[in-house]
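Commentary on secondary and tertiary structure
If you want the building blocks of each chain, they are given just below.
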Amino acid sequence: MTAFTIVDFHPCHAPAISLLYHQAIQAIQHPRYNSAKKLAWSSAPRSTKHWQLRYKLNKAWLVQNAQQQIVGFIGIETQFHQRGYIDCLYVDPHFQHQGIASLLIEHLQCWAKSQHYQRLSVDASYLSKPLFERHNFRLIKSNLRVKNNQTLAAFYLEKVL
């Protein structure tokens, strides 16, 4: 098994997670996500500035392999009314199904408990919903989001810590 390390987000990681985010979405092979939906979700890598601003006030962790390549990341809202909201969880398509997403969820849960969070929440896709359910998140409601004239399903799940 490959050795993975979890590190805190640093602004220098922004270009790598921007590319990883976009590539993970574009690599989806599922009948619910055609090309138009994937392009609506992510038509190109977001700017470095976007990710730097996003995690300036919030928290994110990355998983690196032995070569220090970023192979996954998770982010959490730590401010305002959405405190404890998981805003991103993505794994490099070449490293999926190796336990990286679970490793990130478990790390985030430990951190959230140490910060006395009462609960975690997430809007999961069809693909990530089963993963979060395996980590004892419970479905609260299903909803649809329209982005660039495409309808994307989301499942709002919560976990009491």
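Details of the structure are given in the entry above.
Throughout what follows, the structure given in this document is the object of discussion. Since we're looking at a predicted model, the values are computed, not measured.

**Observations regarding the nonpolar core**
If you look at the biggest cluster of nonpolar residues, it comprises 26 residues, and the most contacted ones within it are Ile74, Leu89, Ile100, Phe132 and Phe137. Those elements giving two or more residues to this core turn out to be β2 (59-64), β3 (70-77), β4 (85-91), α4 (100-114), β5 (119-124), α5 (129-134) and β7 (150-160). The element best represented in this core is α4, accounting for seven residues. Ignoring anything within four residues of it in the chain, the contact list for Phe137 reads Ile86, Ile105, Gln109, Leu120, Ser121, Val122, Phe132, Leu157, Glu158 and Lys159. The next biggest cluster of nonpolar side chains, apart from the first, holds 19 residues, and it includes Tyr21, Leu62, Ile70 and Phe73.

**Comments concerning the sheet that holds β7**
Read across the open sheet, the seven strands follow the order β1-β2-β3-β4-β5-β7-β6; overall the sheet is mixed. The sheet is open, and its two borders are formed by β1 (5-8) and β6 (138-147), each paired with just one other strand. Pairwise comparison of adjacent strand axes, ignoring direction, gives a mean angle of 25° for this sheet. Across the sheet, helix α1 (residues 14-26) is in contact with β2, β3 and β4; its angle to β3 comes to roughly 100°. Running over the sheet, α4 touches β1, β2, β3, β4, β5 and β7 and is turned about 35° from β3.

**Details of the packing of α1 against helix α3 (residues 48-57)**
Working note: a packed helix pair is described by the angle between its axes plus the distance between those axes. α3 packs onto α1 with a crossing angle of 105° between their chain directions and a minimal axis gap of 8 Å. With respect to α3, the axis of α1 lies roughly perpendicular. Along the contact surface, α1 presents Ala14, Pro15, Ile17, Ser18 and Tyr21, while α3 presents Thr48, Trp51, Gln52 and Tyr55. Here the contact of α1 with α3 is built from residues that sort into six nonpolar, three polar and no charged.

**Comments concerning the pattern of salt bridges**
Any two side chains of opposite charge can pair, on the condition that their charged atoms come close. Within the structure shown, the criterion is met by five salt bridges. Here Glu158 and Arg119 are joined by a salt bridge, their closest N and O atoms 3.2 Å apart. Remark: Arg119 occurs in strand β5 and Glu158 occurs in strand β7; sequence separation between them is 39 residues.

The rules behind each value
- Residues numbered from 1 in each chain as written.
- Predicted model: local features only at pLDDT ≥ 70, side-chain atom pairs only at ≥ 80, totals over all residues.
- Heavy atoms only, no water.
- Core = buried A, V, L, I, M, F, W, Y, C linked by side-chain atoms within 4.5 Å.
- Buried < 20%, exposed > 50% of the residue type's maximum accessible area, 1.4 Å probe, protein only.
- Helix = DSSP H or I, 4+ residues; strand = E, 2+ residues; numbered from the N terminus.
- Contact = heavy atoms within 4.5 Å.
- Pairing = 2+ DSSP bridges.
- Axes fitted to C-alpha atoms, helices over the stretch in contact; angles between N-to-C directions.
- Parallel < 35°, antiparallel > 145°, perpendicular 65-115°, else oblique.
- Nonpolar A, V, L, I, M, F, W, Y, C, P; charged D, E, K, R; others polar.
- Salt bridge = Lys/Arg side-chain N within 4 Å of Asp/Glu carboxyl O.

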